[in-house]
Amino acid sequence: MSTDVVLIGAGIMSATLGTFLQALDPNLRIRIYERLDRAAAESSDAWNNAGTGHSGFCELNYTTRNADGTMNVQKAAGVAESFEISRQFWASLVHQGIIRPDFIRSVPHCAFVWGDENVRFLRDRYEAMKQVPLFEQMEYSDDPATIEQWMPLVMDGRAPNEKVAATWMPIGTDVDFGTLTRSLIERLEANGAQVFYNYEVRDIHRFNPDTEGDSTPFWQVRVKNQSQDYQENIQAQFVFIGAGGGALHLLQTADIPEGRHFGGFPVSGQWLRCTNPDIIEHHSAKVYGKAAVGAPPMSVPHLDTRKIEGQKALLFGPYAGFSTKFLKHGSYLDLPESLRMSNLVPMLGAGLHNIPLTKYLIQQVTQSDADRLAALREYYPAADLKDWELIVAGQRVQVIKADEKNGGVLEFGTEVVAAADGSLAALLGASPGASTAAAIMLTLMEKCFPDQMASAGWQTTIQELVPSYGHTLADHPEQLRQLRSETARVLDLVG
Ligand SMILES: Cc1cc2nc3c(=O)[nH]c(=O)nc-3n(C[C@H](O)[C@H](O)[C@H](O)COP(=O)(O)OP(=O)(O)OC[C@H]3O[C@@H](n4cnc5c(N)ncnc54)[C@H](O)[C@@H]3O)c2cc1C
């Protein structure tokens, strides 16, 4: 069996890449292999992630203080630019009738802090951010009455003399990535892509004409049909390893030089989900705070309004945890089985230089209900545990890379690893993740399909899907305003 493209995993990344490729070349033969019985059942499922349309508005870990005391907002601006790409991509698909806008809605993005130093940080951050057109609608307040209007639960029961501050961004979004992924996959299938559920990819092997006598190089992908317990081989010209936490193992089987020194560190998570409809109704914002010392940046606590499959919901977390699994539906052997001679030094180096993270995870794993309630009460002082239930979030695998100074370094972003000839690529890492899927997949296509990406045909289609492709919106404020207003109209959002 042969095909042009194999996409491994039916999560948001494969769904996004498949949608781009099918639009760019409708004749491409695309096969998607998914080990579970449905799409988006791992990290892309709505309850497995926080559904924040990460735009740099509320995530305090994206802004840091420079040594001279000024604020560095570059990372936040980069994430905001990437989200604008996703917004345009989704709006184009909705405009063409490919998907419905039921997966996204406006939820203000807020940052909330307490204490003198944090209030100073937030004010300076706001002053720096409002100079950037991407953040021009942001508001700041340290007036408790204003903050109470923005986030009543957060101020309910709080000491009146506590020093607090918040920022408010009305154009933030909540995204149900599960619904979006399933819509994209259904559409891919309707347009001719073949989707195989209950098929686990076991091995990826390169056949080269020089060494093995075949005429054109190809990847042989070995898949196991889990329901009927047999294996088969598929030949593919291009393979994308979009297997989320499962990507590292598959990259290791492909054994490309570019992928040899990577390791992975799993971080699990839990949410508190509110079960009281009155409380859920009382809150309509995503409120992000500051991460605890040693906490990985994506473990910043937040009190989040969600809209999942049409229902309003409220969650708090994530509480981090540790499990050696790389996928929520994975195996406890995932971490030990990822160890190789080639990634041992980076893994040890990263471990030795992340003792605060280890301490933080031990503290998180051993916490009691009372500890969880105490964390929730920092954001909702009047909270009572009887109104909340504990649920398990998705599993994240942080990237560990080789590093000259320390041997290895733990990264919290995402990393596209591509073979030099562009015939295979994998996506490792977790954050900001799903929100920036369109931008990540454009970068991947630039690496893997450089000639086609430069061609007039592909350029035209990409410009139709993402009108701002190729330039930075922060440098074109008029276009930014126009695109935000157009995409808001199509996606039914606050402009
Ligand atoms: C707790 C948490 C909170 C998050 N919050 C946010 C947020 O607020 N905003 C945001 O933008 N992002 C967030 N993310 C990140 C986001 O969820 C991920 O970046 C995104 O879902 C990853 O998509 P994916 O397609 O790469 O992986 P996944 O959705 O995990 O999909 C990978 C698929 O591959 C399949 N698979 C694995 N191995 C194999 C194999 N060998 N063969 C066949 N199939 C295989 C899996 O079953 C799975 O279906 C969060 C993640 C977590 C865990």
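Above this text is the structure in question.
Residues numbered from 1 in each chain as written. Predicted model: local features only at pLDDT ≥ 70, side-chain atom pairs only at ≥ 80, totals over all residues. Heavy atoms only, no water.

Draft legend 1. Molecular detail of the site of the ligand. Residues in close proximity to the ligand total 37 residues, the closest being Glu34, Ser44, Val201, Pro432 and Ser435. Ile12 is positioned such that a nitrogen or oxygen atom in its backbone is 3.1 Å from an oxygen atom of the ligand. Here the ligand, which alone exposes 1,000 Å², has 96% of that area covered by the protein. Mapped by element, the contributors of at least two residues to the shell around the ligand are helix H1 (12–24), strand E2 (30–34) and strand E11 (199–207). The leading source of residues in the shell around the ligand is E11, at 3 residues. (Near = heavy atom within 4 Å. Polar contact = N/O pair within 3.5 Å; in protein donor to acceptor, adjacent residues only side chain to side chain. Areas by Shrake-Rupley, 256 points an atom, 1.4 Å probe, with all protein chains shown as cover. Helix = DSSP H or I, 4+ residues; strand = E, 2+ residues; numbered from the N terminus.)

Draft legend 2. Seen up close, the environment of Gly269. As for its placement among the helices and strands, Gly269 is situated in strand E14 (residues 263–274). Residues Gly269 and Gly317 lie 48 residues apart in sequence; the distance between their C-alpha atoms is 8.2 Å. Setting aside chain neighbours within four positions, we find Gly269 in contact with Tyr319, Ala320, Gly321, Val392, Ala393 and Gly394. (Contact = heavy atoms within 4.5 Å.)

Draft legend 3. Local environment of the packing of H1 against helix H14 (residues 437–448). Relative to each other, H1 and H14 sit at 60 degrees, their axes nearing to 9 Å. In terms of orientation, H1 and H14 fall into the oblique class. The interaxial crossing formed by H1 with H14 has right-handed handedness. On H14, the residues touching Ile12, Met13, Thr16, Leu17, Phe20, Leu21 and Leu24 of H1 are Ala437, Ala438, Ile440, Met441, Leu442, Leu444 and Met445. Class assignment of the residues belonging to the contact of H1 with H14 gives a composition of 13 nonpolar, 1 polar and no charged. (Axes fitted to C-alpha atoms, helices over the stretch in contact; angles between N-to-C directions. Parallel < 35°, antiparallel > 145°, perpendicular 65-115°, else oblique. Left-handed = near helix turned anticlockwise from the far one by under 90°. Nonpolar A, V, L, I, M, F, W, Y, C, P; charged D, E, K, R; others polar.)

Draft legend 4. Examining the pattern of salt bridges more closely. Evaluated as defined, the whole model comprises 24 salt bridges. The shortest N-O distance in the salt bridge between Glu84 and Arg484 comes to 2.9 Å. Pair noted here: Glu84 is in helix H2 (residues 74–95) and Arg484 is in helix H17 (residues 477–491), with a separation of 400 residues, a long-range link. With relative accessibility at 4%, the residue Glu84 sits in the buried group. Glu200 is the partner of Arg202 in a salt bridge, and the nearest nitrogen-oxygen pair spans 2.7 Å. For Arg202, a relative accessible area of 33% corresponds to the partly exposed category. (Salt bridge = Lys/Arg side-chain N within 4 Å of Asp/Glu carboxyl O. Buried < 20%, exposed > 50% of the residue type's maximum accessible area, 1.4 Å probe, protein only.)

Draft legend 5. Geometry of the packing of aromatic side chains. All told, the structure shown has 19 aromatic pairs when counted by the stated rule. The interplanar angle of 45 degrees and the centroid separation of 5.9 Å between the aromatic rings of Phe449 and Trp458 together place this pair among those described as tilted. Here the two residues Phe449 and Trp458 agree in accessibility, since each one is buried. Lying over the aromatic face of Tyr332, Lys325 brings its terminal NZ or CZ to 4.6 Å of the ring centre. In this structure, Arg372 packs its charged tip against the face of Tyr319, placed 6.0 Å from the ring centre. (Phe/Tyr/Trp six-rings, centres within 6.5 Å; stacked < 30°, edge-to-face > 60°. Lys NZ or Arg CZ within 6 Å of the ring centre and 35° of its normal.)

Draft legend 6. Region of the structure containing unusual backbone geometry. Cis geometry marks the peptide bond from Gly317 to Pro318; its omega dihedral reads 0 degrees. With respect to the helices and strands, Pro318 occurs in strand E17 (residues 311–321). The backbone phi angle of Ala40 is positive, close to 55 degrees, even though this residue is not glycine. Turning to its location among the elements, Ala40 is positioned in the loop between E2 and strand E3 (64–65).

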